[in-house]
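Structural description and commentary
One letter stands for each residue in the lines below.
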Amino acid sequence: MTDLEALMWRLERDRRLSSTFANVAILDRRPDVERLRARLVDAARRIPQLRQRVDEGFGGLAPRWVVDNELDVRSHVHHVALPSPATHRQLYDLATRLTADPFDASRPLWRFTVIDGLPKGRAALLQKVHHSITDGEGGVELALAYLDLEREPPAANSSPAPPPDPPSPEPPPPEPPAPDADDAAAEAVRRTLATALRVPLGVGRRVQQLLADPDALGEASDAATRTLDEIGREFGEEARSPLWTGRSTRRTLHTTSASVDDLKAAAGRLGGTLNTAFVAAAAAAAGDYHRRAGSPIDTLRASIAVSTRRAESGSNAFTLTRFDVPTGDMPITDRFEAVAEAIAQARAAGSDTLVDAAAAIGAALPTSLVGRFALAQSRTVDVATSNVRGAPVDTFVAGAQVVANVPIGPLLGVPVNLTALSQQNRFDVGIHMDPAAIAEPELFARSVDDAFTSVLTA
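Residues numbered from 1 in each chain as written. Predicted model: local features only at pLDDT ≥ 70, side-chain atom pairs only at ≥ 80, totals over all residues. Heavy atoms only, no water.

1. Some points on the sheet that holds strand β1 (residues 20-27)
Pairing in this open sheet of six strands is mixed, and the strands run β4-β5-β6-β1-β12-β11 from one edge to the other. Of all the strands in the sheet, the pair left with one neighbour each is β4 (77-81) and β11 (396-397). Note: β1 against strand β12 (residues 400-408), six bridges, orientation antiparallel. Residue asparagine 23 lies in a different strand from β12, and its bridge partner there is proline 407. Along the sheet, helix α3 (residues 88-100) makes contact with β1, β4, β5 (110-116), β6 (123-130) and β12, crossing β6 at roughly 25 degrees. (Pairing = 2+ DSSP bridges. Helix = DSSP H or I, 4+ residues; strand = E, 2+ residues; numbered from the N terminus. Contact = heavy atoms within 4.5 Å. Axes fitted to C-alpha atoms, helices over the stretch in contact; angles between N-to-C directions.)

Structure follows, in structure tokens:
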């Protein structure tokens, strides 16, 4: 695993910091489940991430990927039904519960669930993947392994045989011998020394001070945790909201959608891009919620995931950019201009050190202290956003057409994550919230709807 992948996996021990992401694809009819399983058997033969599981390694500090030679796709593809006719509220509640359910570390970190019972004979497919496998853009690429561009492609005209139990993937490369305790300890020290060269000098010294006191580290003493809190503050200012201070493992999901063409046209009239329109709508919704709740605020802290993917990139290639967004009561034209300027300034200043620094520090510290650092960082953001580009054409899953998507972005300790996924002319937004932070999620969802309307009619 890379440092970033290892960090995201180790943080899984605190369910508030889970980095699992998912997507609810709304289908025009029930897919052929056996056909889907057969496609995923083939995909697992070709895509290494789908057949790798986690080996915790020495003391849980150095997890690594190993090939699961006993992969059984049946254990990763489930089929359930809601009482028919189910409401979308019931579907989203089930989807958030299934997404929050921890992965079994003895198996590869992905799981699909076909959900029946929607009105008009529709169904849904929940695609759940742990972030250590890939990022959102990589998740779209993985989806191409089982999506079709027509309902009945030529290769699917004949009914496929059920997959073997278990399937037989291509022979995996030989696994290196497990390190003994001395070798593993030496490797941990080497990684720690390398870490100090990748973080700012002052922070590197503070980490070194922590490592010099094993008792304080092991017991997570007050002195050690205070030091780590101080390190956390060096990587970002506190979030702004006076309301969104609670955190929990509870989740709720809402959604909104718009036309890609209409949103691009509105952004063009406002002098910017679709992505700026998306972030401006998020800022407007957050400000509107605070005003309706009786706590108006002029500025909140937002983050946006920025892809750094290149041809040679690994499974996770992204960084986070954090910046202040205007949330006061103002015309959408003024807000759009201010958001565009804030994004431009943040990008001109260079990529945020949060992701790389957190991964580097995580490689050097015990999980208990890494979690504390991550929680401190989560409190530097009020609203997380991510905009993922999907397929520009119609797609099908085992004979069923995808008619809408509801992406479920990871919260990672943030009050709300708005993730957008575009497909064809649909711009679908999943509004994933922690109700301990946002006490009235339905109110916030209405604020998001109103915000997109204000952008589209500008």
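Read on for the rest.
2. Some thoughts on the side chain of histidine 130
Its place among the elements puts histidine 130 in strand β6. The class of histidine 130 is buried, set by a relative accessible area of 0%. In this structure the side chain of histidine 130 is engaged in a polar contact, spanning 2.8 Å, whose partner is the side chain of glutamate 12. Discounting chain neighbours no more than four positions away, the residues touching histidine 130 are Met8, Trp9, Glu12, Ser19, Thr20, Phe21, Phe103 and Leu109. (Buried < 20%, exposed > 50% of the residue type's maximum accessible area, 1.4 Å probe, protein only. Polar contact = N/O pair within 3.5 Å; in protein donor to acceptor, adjacent residues only side chain to side chain.)

3. A short note on the pattern of salt bridges
By the definition in use, this model includes 22 salt bridges. In this structure, arginine 240 engages aspartate 324 in a salt bridge whose closest nitrogen and oxygen atoms are separated by 2.9 Å. Here arginine 240, found in the loop between α8 (222-234) and β7 (252-259), pairs with aspartate 324, found in strand β9 (residues 318-326); they are 84 residues apart in sequence, far enough to count as distant. The partner of aspartate 428 in a salt bridge is arginine 426, and the shortest N-O contact between them spans 2.6 Å. Among the charged side chains, a salt-bridge network with shared partners connects Arg29, Arg35, Arg39, Asp148 and Glu152. (Salt bridge = Lys/Arg side-chain N within 4 Å of Asp/Glu carboxyl O.)

4. Brief notes about the confidence of the model for the chain
Model confidence for the chain is summarised by a mean pLDDT of 82, while 74% of its residues fall at 70 or above. Note on residues 214-221: pLDDT under 50 across the span, and 10 contacts to partners over four residues away in sequence or across chains. (pLDDT = per-residue confidence, 0-100.)

5. Some remarks on helix α1 (residues 3-10)
Buried residues dominate α1, accounting for seven of its eight residues. Within the sequence span of α1, burial applies to Leu4, Glu5, Ala6, Leu7, Met8, Trp9 and Arg10.

6. So, the environment of phenylalanine 444
Looking at the element boundaries, phenylalanine 444 is found in helix α14 (residues 441-456). Look at phenylalanine 444 and you get buried, because its relative accessible area is 0%. In the structure, phenylalanine 444 is positioned 13 residues away from isoleucine 431 in sequence and 9.0 Å away in space, judged by C-alpha atoms. Setting aside residues no more than four positions away along its own chain, phenylalanine 444 makes contact with Trp244, Ala285, Ala286, Tyr289, Val416, Leu418, Ile431, Met433 and Ile438.

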